[in-house]
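Survey of secondary and tertiary structure
Letter by letter, the chains look like this.
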Amino acid sequence: MKLTLETFGGLAAVTDLRRPPKVLDTEALPETATAELTRLLEEAASTPQEKPPEHARDAMSYTLTVRTGDHVRVLEQSDAAMTPAFAELLTWLKRRFAQQ
């Protein structure tokens, strides 16, 4: 499984338009980490997302693309209306990316 996290917006959006996406390949992870990531992904994908407010100044938005073989799943949320399950997944991913 390969995950790509793209981040958009925020206070630095004007000066940081070219944020490179972060990529994680689960082949490089221990089996327990892959199992935890899979659980977090399933929870985030199955939790209904609230409709975001119309005006969310300086909110960050996140697009997570998950590729498993030929199957592609895309999850999108923002700081303005993020489910707890997506927030937990995002926190896990940020910790993992910091270790790379």
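If you're wondering where the values come from, they're calculated on a predicted model, not measured in any experiment.

**Re the overall build of the protein**
- Secondary structure summary: the protein contains two helices and four strands in total.
- Put simply, the protein runs from its N terminus to its C terminus through helices and strands in the order β-β-α-β-β-α.
- Of all 100 residues assigned to the protein, the portion counted as buried reaches 31%.
- Nonlocal contacts in the protein, meaning residues at least 24 apart in sequence, comprise 64% of its contacts between residues at least 6 apart.
- Summed over its atoms, the accessible surface of the protein is roughly 6700 Å², and 51% of this surface lies on carbon and sulfur atoms.

**Topic: the side chain of Thr26**
- For Thr26, the location among the structural elements is in the loop between strand S2 (22-25) and helix H1 (31-46).
- Non-local contacts of Thr26, meaning those with residues more than four positions away in its chain, are made with Met1, Leu3, Thr34 and Leu37.

**Some words on the environment of Glu43**
- Relative to the helices and strands, Glu43 is located in helix H1.
- Relative accessible area serves as the criterion here: at 31%, Glu43 is assigned to the partly exposed category.
- For the pair formed by Glu43 and Ala85, sequence separation is 42 residues and the distance between their alpha carbons is 5.9 Å.
- Residues in contact with Glu43, not counting those within four places in the same chain, are Ala85 and Glu88.

**Observations regarding the sheet that holds strand S4 (residues 71-78)**
- What the four strands build is an open sheet, ordered S2-S1-S3-S4; its pairing is antiparallel. Only two strands of the sheet have a single neighbouring strand rather than two, namely S2 and S4. This sheet shows a mean twist of 15° between the axes of neighbouring strands, independent of strand direction.
- When strand S3 (residues 60-68) meets S4, the two strands line up antiparallel, connected through eight bridges. Within S4, the position partnered with Arg67 by the bridge is Val72.
- Its contacts with the sheet put helix H2 (residues 84-99) on strand S1 (2-9), S2, S3 and S4, and the angle it makes with S2 is roughly 85°.

**A word on the pairing of S3**
- As paired elements, S1 and S3 share eight bridges and run antiparallel to each other. By the bridge assignment for S3, Phe8 is matched with Ser61.
- Counting the residues in the hairpin turn of S3 and S4 gives two residues, including Gly69, whose phi is positive at 60°.

**Observations regarding the side chain of Gln77**
- Position of Gln77 relative to the elements: it lies in strand S4.
- Here the side chain of Gln77 touches Thr83 through a polar contact of 2.9 Å, landing on its backbone nitrogen.
- What Gln77 contacts, discounting residues up to four positions off in sequence, is Gln49, Ser61, Tyr62, Met82, Thr83 and Phe86.

Procedures and definitions
- Residues numbered from 1 in each chain as written.
- Predicted model: local features only at pLDDT ≥ 70, side-chain atom pairs only at ≥ 80, totals over all residues.
- Heavy atoms only, no water.
- Helix = DSSP H or I, 4+ residues; strand = E, 2+ residues; numbered from the N terminus.
- Buried < 20%, exposed > 50% of the residue type's maximum accessible area, 1.4 Å probe, protein only.
- Contact = heavy atoms within 4.5 Å.
- Areas by Shrake-Rupley, 256 points an atom, 1.4 Å probe, with all protein chains shown as cover.
- Pairing = 2+ DSSP bridges.
- Axes fitted to C-alpha atoms, helices over the stretch in contact; angles between N-to-C directions.
- Polar contact = N/O pair within 3.5 Å; in protein donor to acceptor, adjacent residues only side chain to side chain.

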